[in-house]
Amino acid sequence: MKLFGGTLSRLVRCLKRSPDRFREVLRTLPEVVAGREYARAYRENGIRPSRAEPALANPLENYFDAHHIGPGIWKWRHYLEIYHRHLAKFRGRAINCVEVGVFSGGSLRMWEWYFGPQAHIHGVDLDEGTRAYQNAHVTIHIGDQEDRTFWARFRNAVPSLDILLDDGGHTPQQQQITLEEILPHLRAGGVYICEDIHNEGNAFTAYVSGLIDQLHAATSGAPIQTNSFQASVFSVHVYPFVVVIEKRDRPLPSLTAERHGSEWQPPVVVRQGYGKIMGRGG
């Protein structure tokens, strides 16, 4: 039985580990179902943008379309737009980027070209044969992304890391462990991307929803002292089959709501969840 992005047994384990978290899952379950139903209706009604905007130039699309000979690249086309949106800031910089899942080596060459000669690309794979794709700008690390001891060795070998691209085994467990082991290791301003998160009710999607909960966590009063996740994570983006997490350029110690201006309407207070009183926005 599928519930809230996982099985009933996962909810039972959640109850055993954290009754408070279990109650939160149950409390928000109607909203999750409502959101899914709205998205399904949106899809079935065939709602489309009124007009297509002209596409912006994307060097990754140009590279991908021109690549017909050599090591293979296998990507969903819409990934190229996501990559360029979040990774363009790293072009021409001395960075370290790791891609989990080397396969035929074509994407390693694409990243080497895209980021430029100052960047170093790291590939992670189980197949010893992928060492053939090493060169002066590409290093291959052989290991299992579900093995936390492997990631400990990787962090020692690559103490400074800017980008993590997870295109590995694609199981929720592999994706979760990779995120937990590498997200704290990314430098300020770093970007984490996980690909191929397919199907409704995906367990990794449910895991990411827990991260988003922490991004929205708030205590009463202002300013609000940030939790460690809010302090270091700038944003969580969700695209078809993809999750992107961006880290802050500098830690955020607190969240403040400031008033600017001299003319105000009488305050309107409304009650929202947990019995908190919130003022009308301005």
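All figures in this text were calculated on a predicted structure; none of them were measured in a lab.

Strand order across the open sheet formed by 7 strands is 5-4-3-6-7-10-9, with mixed pairing between neighbours. Strand pairing shows two members of the sheet lacking a second neighbour, strand 5 (138-142) and strand 9 (233-239), which therefore form its edges. Averaged over all neighbouring strand pairs, the angle between strand axes comes to 15°, with direction disregarded. Relative to strand 6 (residues 161-166), strand 3 (residues 96-100) runs parallel, the two being bridged by 4 bridges. Bridge assignment links Glu99 to a residue of strand 6, and that residue is Leu165. The strands touched by helix 7 (residues 172-182) are strand 3, strand 6, strand 7 (186-194) and strand 10 (242-247); relative to strand 6, the strand with the most contacts, the crossing angle is about 175°.

Turning our attention to the pairing of strand 9. Successive side chains on a regular strand alternate, one facing one side of the sheet and the next facing the other. Taken together, the 6 bridges between strand 9 and strand 10 define a ladder with antiparallel strand orientation. Pairing of Val238 across the sheet is with Val243, part of strand 10. Connecting the antiparallel pair strand 9 and strand 10 is a turn made up of 2 residues, with Phe241 showing a positive phi of about 70°.

What follows deals with the pattern of salt bridges. Scanning the entire structure with this criterion turns up 10 salt bridges. When the shortest N-O distance is used, the salt bridge between Glu99 and Lys75 registers 3.1 Å. Here the residue Glu99 occupies a position in strand 3, and Lys75 occupies one in the loop between helix 3 (59-66) and helix 4 (77-87), the gap between them amounting to 24 residues. Residue Glu99 is classed as buried on the basis of its relative accessible area of 0%. Each of Lys75, Glu99, Asp167 and Glu195 takes part in one network of salt bridges that share partners.

The next subject is the packing of helix 3 against helix 4. The contact between helix 3 and helix 4 brings their axes to 8 Å, and the two run at 145°. Contact residues: helix 3 offers Pro59, Leu60, Glu61, Phe64 and Asp65, while helix 4 offers Arg77, Leu80, Tyr83 and His84. Its residues placed into classes, the contact of helix 3 with helix 4 shows 5 nonpolar, 1 polar and 3 charged.

In this section: the nonpolar core. Membership of the largest hydrophobic core comes to 29 residues, with the highest contact counts inside it found for Tyr83, Leu87, Trp111 and Phe115. Elements with a minimum of two residues in this core: helix 3, helix 4, helix 5 (106-115), strand 5, strand 6, strand 7 and strand 10. Other than its neighbours up to four places away in sequence, Tyr83 contacts Leu60, Lys75, Ala88, Trp111, Tyr114, Leu165, Ile193 and Glu195. Counting residues in each nonpolar core, the second largest holds 26 residues, with Val124, Ile177, Leu186 and Val243 among its members.

Thresholds applied
Chains are numbered independently. Their residues run from 1 in the order of the written sequence. Where local features are concerned, this predicted model is filtered to residues with pLDDT of at least 70; where side-chain atom pairs are given and counted, the filter is 80 or more; whole-chain, interface and lining totals use all residues. Remark: hydrogens and water are excluded; side-chain values derive from all non-hydrogen atoms of the structure. Two strands pair under a simple rule: DSSP has to find at least two bridges between them. The helix count covers DSSP runs of H or I at least four residues long, the strand count covers runs of E at least two residues long, and both are numbered beginning at the N terminus. Axis angles are defined between N-to-C directions and span 0 to 180 degrees, where every axis is a line fitted to C-alpha atoms and, for a helix, only to the segment in contact. Any two residues whose heavy atoms approach within 4.5 Å at even a single point are treated as in contact. One side-chain nitrogen of Lys or Arg within 4 Å of one carboxyl oxygen of Asp or Glu is enough to make a salt bridge. Three labels apply to residues, based on accessible area from a 1.4 Å probe with only protein chains included: buried if under 20% of the type maximum, exposed if over 50%, partly exposed otherwise in between. Throughout, the ten residues Ala, Val, Leu, Ile, Met, Phe, Trp, Tyr, Cys and Pro are labelled nonpolar, Asp, Glu, Lys and Arg are labelled charged, and all others, Gly among them, are labelled polar. The term nonpolar core refers to a set of buried residues drawn from Ala, Val, Leu, Ile, Met, Phe, Trp, Tyr and Cys, joined through side-chain atoms within 4.5 Å.

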